[in-house]
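Architecture and fold: a report
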Amino acid sequence: MKKGDHLFLVDGSGYIFRAYHALPPLNRKSDGLPTSAVLGFCNMVWKLMQDARNTSVGIAPTHFAVIFDYSSKTFRSDLYPEYKANRSAPPEDLIPQFGLIRQATVAFNLPCIEMEGFEADDIIATYCRLACEAGGDTTIVSSDKDLMQLVGPTVRMYDPMKDRRISIPEVIEKWGVPPEKMIDLQALTGDSIDNVPGVPGIGPKTAAQLLEQFGDLDGLLARASEIKQDKRRESIIANADKARISRELVTLKNDVPLKEGLDDLILHAADGPKLIGFLKTMEFTTLTRRVAEATGTDIGDVQAAPVTIERADTAHGPDVGAGAPPAAAAAGDAAKPAQPPVRAEDTPPQGDTPSLLSALRLEKAAALKIDPSAYTAIRDAAALKAWIAEVNEAGILALEAETTSSDPMKAELIGLSMAVAPGRAVYLPLAHKNGNGDLLGGGLLADQVPVREALALLKPVLEDRAVLKIVQDMKYDIVVMSRHGIEVAPFDDTMLISYVLDAGTSGGHDLASLSEKWLGHAPASKKELAGSGKSAVGFDQVDIERATAYAGEQADLALRLWQLLKPRLAAKGLVSVYERLERPLVPVLARMEQRGISVDRQILSRLSGELAQGAARVEEEIYGIVGERINIGSPKQLGDILFGKMGLPGGSKTRTGQWSTSAQLLEDLAAEGHELPRKIVDWRQLTKLKSTYTDALPGFINPATNRVHTSYALAATTTGRLSSSDPNLQNIPVRTAEGRKIRTAFIAEKGHKLVSADYSQIELRVLAHVAEIPQLKQAFADGADIHAITASEMFNVPVAGMPSEVRRRAKAINFGIIYGISAFGLANQLSIPREEASAYIKRYFERFPGIRDYIEETKAYARENGFVETIFGRRIHYPEIRSSNPSIRAFNERASINARLQGTAADIIRRAMVHMEEALEKAKLSARMLLQVHDELIFETVEAEVEATIPVVRRVMENAPMPAVSMSVPLHVDARAADNWDEAH
DNA sequence: ACAGAAGCTTA
DNA sequence: GTAAGCTTCTGTT
């Protein structure tokens, strides 16, 4: 090897696992032999040999080798017996592929290198050193962090699956340290997969910071006492030995006694017939053809070459432990019948009745073929004007905003897709960029109508009362468009129509699910267009042609679904649910989300500090009792310590066979006098509050508005409730004093107050109304203590002077009814024997026979119809209510009992929200709704109007069922104002 | 990277 | 016993 030569080292073992998991399963057609990893490997090697210049590598190889692990037993196991000890056997269908990939390597005319007692990584390290000494360059084909220590001026890595080059800057970017410090970093962080211990509590971020500060691991260990953070310092001092042994484990050996020298790795031209013979045997038709073309071989001249297929018990692939089960299907076995093809065909839409099926067929016959290539892009103002004329003619317009973010408060508008009839869709690109953009908005692609001009042209149509806009998930588009000064109306929302028709049936209400369900068509996914996870790009980076096909289809599908679904609302008597409870709530919620709520950063930061201190203190106490520094956050480790090492009693197992460490169980142990469980419960509370709330919330403060904007989902629950996410503001702590402090951070603007108004016992009131229970109705009419009345009825004790325990039990039963009571659940809740719980329920039904009737009637109705209804007519489906499995059936029965109550309560507050804005406006009040938490509404209002606002809010909420339904039980709303949410609640 | 389990928060 | 969403850990990369 000489200067200018280039050595490629492929980490064969690493690639096998990655390819196996990343690629869809693939089986040889003739006999089902699994081959996805083999094909991935062959494609990758072929590509590297053909066009390394065209990939991120940029250089063609002169030397090439594929390196494999020989077995899991290496010198490291002697150093540290636990090393890689918890590796399990590879998946069954991967086992035969280890051998095949070695044979593929040989077929490619490439050296296939492995060495007993050493890992592939050590061999790679040794070749790296040799190549470097000879003056050559090296590319390691792998993305394994264990190899990053080898990166240097002449050595880089290449990730073939992401086409990404990893050299010194990329290592620094990813890990915060240069390659030569990777060993020390790994020694500190450890590796749970390989069982490298590291130092507990030190992750990559901390490790990088420490190495920056102290130079290297030895420096750090020598001067560990200087570390300021108590816990960190002690952990490092206590675990110095672990760090040193970890360093030995992760340091790659670069003096492996190799059989093949660098000259043995010189790359030879592919032997066409030999390679094609192998590929033919594997039945890789596309690759076979490509290789044949490139090598000038006639495929017909080549016979498929025999291959050897190893069974698990003979293969010496890495990590195939001695205890690995033999592969069930040694795939070449001729006696085995061919397995079914693995790439499953699209399943046809499911209908549950013959009439639905036939209706489906009719519609599908009527539906035009969906052809994304037929959509066009609007590239100038003249075309846009022509399109607008077409829209006015049609009177309907399906619409979707294409943006850069799923958060509508941050999303930049990139384009609009529009459709006026099935198959007649266009895409209007507005802000697609070429990737070379600068801060001044350069990089904008040519031939796009300027945003301002386009929106000015579109605004009249989008706001035209005579043009119905059809949108899938309108709330998102309302927020985005209103940020551009356009109030889109009127509209229909296909997601909400589906939700009203089909809440509770399987499948979501998103466009892709609806398209598959009703049109039998899987739309192009955004993932395919823009990638996913870290490598995702903004929609502005998608080229306009591909964006047109994708976006046009979205609008086309929304339009077709609307045509299909809208008539069904009337057919099923659900128009008023849609028009009164769903559609009008959309703009209301859009405004609430846009307003957001003010959150005090300083309060949260102070709380975070307090919680951190508290948690650290409890943590030390726990370590003191346990005697080692376990990860308290790991239920697995915790279970082992509590019930194994410390031998605490009881302990049930979860369904995965782990010890249960639930709060309930730990509380019980604490009650028996054990001190450790109490501390664990405390620790969990502190860390939960910190991670979920005080640490996370500041990250949701929108820099532009300085407020937190949650997102409400209208179609996420089965019962009609809303849900809140990003952040979820419907589960902010309230039960404990510690938790409630978080609510003090939710504050009113200066000169304003927060008003909180919540329904009292709304679900029990609904129960009293629908089940017509005289005693409960009377109690609510009298404004009495409902749980005390229940207890008094059941146990014949007077309300005055009632022991709190008696009332508590009655309260649990009342809640139990709402949840579709079971003796098992009640017994759990009250920590009493199941027989006793049964007796309570029996007694309850004797005193309130109307409730038993209500329950039985609900079950019978659900069984008969497959759904239940709220008093406003909302339908909630329970397709499994007739299941032959008793536990599934019972679950559906309980859920349906609950759904009538929870759903009715949800409908009531929806109606209140729909009526609220108009009532406030009429009363000339400036109060604004900010949040909804199922039975509570939170407003912000100027201080001077607080007193006038509360009665209006209360009136709207208490009268919300009217005039649709007149309830026989009064609703009661408590409301108060304060500077923060804690005091207002 | 991502999925699932466990655990915890709310009404 | 009902209805949700988020974080951490774990186990496959």
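An account of the accompanying structure is given in this report. (Residues numbered from 1 in each chain as written. Chains lettered and ligands numbered in written order. Predicted model: local features only at pLDDT ≥ 70, side-chain atom pairs only at ≥ 80, totals over all residues. Heavy atoms only, no water.)

On to the protein's contact with DNA strand B. Taken together, 24 residues sit near DNA strand B, with T654, T656, T661, V734 and R735 positioned nearest. The share of sugar and phosphate among atoms of DNA strand B within 4 Å of the protein is 86%. Separating a phosphate oxygen of DNA strand B from a side-chain N or O atom of T661 is a distance of 2.6 Å. Between DNA strand B and V734, the relevant distance is 2.7 Å, taken from a phosphate oxygen to a main-chain nitrogen or oxygen of the residue. Sorting elements by how many residues they give to the surface near DNA strand B places helix α27 (residues 675-694) first, with four residues. Here the surface near DNA strand B is built from residues that sort into seven nonpolar, ten polar and seven charged. (Near = heavy atom within 4 Å. Polar contact = N/O pair within 3.5 Å; in protein donor to acceptor, adjacent residues only side chain to side chain. Helix = DSSP H or I, 4+ residues; strand = E, 2+ residues; numbered from the N terminus. Nonpolar A, V, L, I, M, F, W, Y, C, P; charged D, E, K, R; others polar.)

One can describe the packing of helix α24 (residues 601-626) onto α27 by two numbers: an axis separation of 9 Å at closest approach and a directional angle of 155°. On the basis of their axis angle, the class for α24 and α27 is roughly antiparallel. Crossing handedness for the pair α24 and α27: left-handed. Its residues placed into classes, the contact of α24 with α27 shows 14 nonpolar, four polar and five charged. (Axes fitted to C-alpha atoms, helices over the stretch in contact; angles between N-to-C directions. Parallel < 35°, antiparallel > 145°, perpendicular 65-115°, else oblique. Left-handed = near helix turned anticlockwise from the far one by under 90°.)

Let us now look at the pattern of salt bridges. Under the defined criterion, the tally for this structure stands at 51 salt bridges. Across the pair E940 and R707 runs a salt bridge, and its minimum N-O distance is 2.7 Å. Pair noted here: E940 is in strand β21 (residues 936-942) and R707 is in the loop between α27 and β14 (711-713), with a separation of 233 residues, a long-range link. Salt bridges sharing common partners tie together D492, K566, E579 and R583. (Salt bridge = Lys/Arg side-chain N within 4 Å of Asp/Glu carboxyl O.)

One pass over the full model with this rule turns up 13 aromatic pairs. Centroid distance F643 to W659: 5.2 Å. Interplanar angle 35°. Geometry classified as tilted. One end of the pair, F643, is in helix α25 (residues 635-645); the other, W659, is in the loop between α25 and α26 (663-671), and 16 residues separate them in sequence. Look at F643 and you get buried, because its relative accessible area is 8%. Classification of W659 by relative accessible area gives partly exposed; the value is 27%. Aromatic rings pair up to connect Y427, F539 and Y550 into one cluster. For R743, the ring lying beneath its charged end belongs to W981, and the centroid distance is 4.3 Å. (Phe/Tyr/Trp six-rings, centres within 6.5 Å; stacked < 30°, edge-to-face > 60°. Buried < 20%, exposed > 50% of the residue type's maximum accessible area, 1.4 Å probe, protein only. Lys NZ or Arg CZ within 6 Å of the ring centre and 35° of its normal.)

Leaving glycine aside, a negative phi is the common case for residues, and trans is the common case for peptide bonds. P727 follows D726 through a cis peptide bond whose omega is -5°. Cis geometry marks the peptide bond from M962 to P963; its omega dihedral reads 0°. Take P963: it is sitting in the loop between α37 (946-958) and β22 (973-978). You will see that S831, though not glycine, has its phi angle at about 50°, which is positive.

A covalent bond between the sulfur atoms of two cysteines is what we call a disulfide. Across all of its chains, the model carries zero disulfides by this definition. Between C132, a free cysteine, and C128, which holds the nearest cysteine sulfur, the sulfur-to-sulfur gap is 8.4 Å. The exposure class of C132 is partly exposed, given its relative accessible area of 43%. (Disulfide = S-S within 2.5 Å.)

Let's shift gears to the sheet that holds strand β1 (residues 6-11). Spatial ordering of the open sheet is given by β3-β2-β1-β4-β5-β6, a layout of six strands whose pairing is mixed. Both outer strands of the open sheet, β3 (112-113) and β6 (164-166), are each paired with one neighbouring strand and no more. Bridging between β1 and strand β2 (residues 63-67) involves five bridges; their strand directions are parallel. Residue pairing across strands places L7 opposite H63, the latter belonging to β2. Sheet strands in contact with helix α5 (residues 120-133) are β1, β2, β3, β4 (137-141) and β5 (155-159), and its direction is about 175° off that of β1. (Pairing = 2+ DSSP bridges. Contact = heavy atoms within 4.5 Å.)

Let's shift gears to the pairing of strand β10 (residues 424-429). Most of β10 sits out of view: five of its six residues are buried. Bridging between strand β7 (residues 376-377) and β10 involves two bridges; their strand directions are parallel. Looking across to β10, one finds that A377 is bridged to Y427. Inspection of the sheet shows strand β9 (residues 413-421) paired to β10 by six bridges, in the antiparallel sense. Paired with S417 across the two strands is Y427, which belongs to β10.

Before going further, it helps to examine the environment of T548. If you trace the backbone, T548 turns up in helix α21 (residues 544-571). Each residue touching T548, except ones within four places of it in the same chain, is listed here: Y375, T376, A377, Y427 and E553. Within the structure, the side chain of T548 is placed 2.7 Å from the backbone oxygen of I544, a separation counted as a polar contact.

Before going further, it helps to examine the sheet that holds strand β12 (residues 491-493). Strand pairing in a sheet relies on backbone hydrogen bonds. The paired strands run either parallel or antiparallel. Judged by pairing direction, the sheet is mixed, and its six strands sit side by side in the order β7-β10-β9-β8-β11-β12 without closing on themselves. Where the open sheet ends on each side, the last strands, each with one partner, are β7 and β12. Here six bridges tie strand β8 (residues 396-403) to β9, and the two strands are oriented antiparallel to one another. Looking at the pairing, A401 lines up with L416 of β9.

Our focus in this paragraph is the nonpolar core. In this structure, L428, Y759 and I851 are the most contacted members of the largest nonpolar core, which totals 183 residues. In terms of residue count, helix α36 (residues 886-922) provides more of this core than any other element does, ten residues in total. In contact with I851, other than residues within four places in its own chain, are L767, I773, L776, I817, Y844 and F845. Counting 48 residues, the second largest nonpolar core, distinct from the first, contains L9, L147, F214 and L262. (Core = buried A, V, L, I, M, F, W, Y, C linked by side-chain atoms within 4.5 Å.)

So, on to the environment of T736. In this fold, T736 is placed in the loop between β15 (723-725) and α28 (737-743). Spatially, the C-alpha atoms of T736 and Q685 are 9.8 Å apart, while their sequence positions differ by 51 residues. One polar contact links T736 to Q685, side chain to side chain, over a distance of 3.0 Å.

Relative to the assigned elements, H6 resides in strand β1. What makes H6 buried here is its relative accessible area of 1%. For the pair formed by H6 and T62, sequence separation is 56 residues and the distance between their alpha carbons is 5.2 Å. Discounting chain neighbours no more than four positions away, the residues touching H6 are M1, I59, A60, P61, T62, H63, D137, T138 and T139.

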